Amino acid sequence: MENPTTSKVVLLACGSFNPITNMHLRMFELARDHLEDTGQYSVIKGIISPVGDAYKKKGLIEASHRVEMARLATESSEWITVDSWESQQSDWVETSKVIRHHYEELLAREHNRDDVDTVKYTKKRRIEENYIASSVHHRKRDGPQLMLLCGADVLESFGIPNLWKQEDIAEIVGRYGLVCVTRSGSDPHKFINQSDDLWKYRKNIHVVHEWVTNDISATHVRRALRRGRSVRYLLPESVVRYVQEHSLYSAESEQKNADVVLAPFQKYSDASTSG
């Protein structure tokens, strides 16, 4: 039975997922436990959104493979899903726009549910007006929230010049909210304290401590695969099989985009020089 005093939350994780690991999935579970332990939130869904090929990250294999591996990895989950919209875009899409897209989808589904429940047109219109009127607060009080789920490395990447636009950081953290899972050797609180932008929105940042420290990273996994080493128990078994069946991750694939500038660096560096 739903608790009317809690806010419904959808968690969105954006990234390469190259390949998806058990720790990517673990982040969702940790975040849900943390948010629901506060008594303020009810996490109703998790979304994995693999980045498109146009991101141009070194060693980034085709999105079709990364999306399929993510789908295989989440088959047994009752609440984590995979969305391919971002991966299907021909150009790189900023994370703020990906969040916006999913939030609009979320609102559309809520409105459709109202229609199914035969809510009167006047009430539906009032709900829509509330969304517009509350745009200053960026969400309707009793509507669903969308939060970006990430690791501490993503939070700290906010400080890398030309990787993020400052207004995008303000929108992501200030408007939607961030759930950050700690990693071994990271100190999100210290980074938030050192950043004026993040400090301003610190109440919208939920830091989740992972006490069972685990350094599984996709980079380590790819290295092991290149060297013919076992990656069993680092990835879901179905993903291990998929990697083997399609002979993914080799010395050649790791050199993909090696001489290409990462999409955000290219876009924001061009903007700053042209300005």
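Residues numbered from 1 in each chain as written. Predicted model: local features only at pLDDT ≥ 70, side-chain atom pairs only at ≥ 80, totals over all residues. Heavy atoms only, no water.

Novice: Would you mind showing me how to read the state of the cysteines here?
Specialist: Note: disulfide means a covalent bond formed between the sulfur atoms of two cysteine side chains. The final tally for this structure, using the stated rule, is zero disulfides. Free of any disulfide, Cys-150 has its nearest neighbouring cysteine sulfur in Cys-180, separated by 4.7 Å. Given the relative accessible area of 0%, Cys-180 is considered buried. (Disulfide = S-S within 2.5 Å. Buried < 20%, exposed > 50% of the residue type's maximum accessible area, 1.4 Å probe, protein only.)

Novice: Honestly, the sheet that holds strand β5 (residues 178-181) in this entry has me stumped. Any pointers?
Specialist: Consider a sheet: its strands pair through backbone hydrogen bonds, and that pairing is either parallel or antiparallel. Read from one edge to the other, the open sheet built from six strands follows the order β3-β2-β1-β4-β5-β6, with strand pairing classed as parallel. Lying at the two open borders of the sheet, with one neighbouring strand each, are β3 (80-82) and β6 (205-208). Sheet twist, expressed as the mean angle between neighbouring strand axes with direction ignored, is 25 degrees. In the sheet, strand β1 (residues 7-15) pairs with strand β4 (residues 145-151) via four bridges, with the strands oriented parallel. The residue bridging Leu-12 from the neighbouring strand is Leu-148, located in β4. Strands in contact with helix α7 (residues 166-176) are β4, β5 and β6; relative to β4, the strand with the most contacts, it is inclined by about 125 degrees. (Pairing = 2+ DSSP bridges. Helix = DSSP H or I, 4+ residues; strand = E, 2+ residues; numbered from the N terminus. Axes fitted to C-alpha atoms, helices over the stretch in contact; angles between N-to-C directions. Contact = heavy atoms within 4.5 Å.)

Novice: I keep staring at the layout of surface pockets and nothing clicks. Help me out?
Specialist: Approximately 1100 Å³ is the volume attributed to the largest pocket. What lines the largest pocket is a set of 44 residues, and nearest its centre among them are Gly-15, Ser-16, Lys-57, Asp-153 and Val-154. Among the elements of the structure, β1, α1 (22-37), α4 (95-116), β4, α6 (152-157), α10 (218-226) and α13 (263-274) are those that each provide at least two residues to the lining of the largest pocket. Of the residues contributing to the lining of the largest pocket, the split by class is 23 nonpolar, 13 polar and eight charged. (1 Å grid on protein atoms, 1.4 Å probe; cavity = no way out; pocket = protein on both sides within 12 Å on 5 of 7 lines; lining within 4 Å. Points joined across faces, edges and corners; volume = space filled by probe spheres on them. Nonpolar A, V, L, I, M, F, W, Y, C, P; charged D, E, K, R; others polar.)

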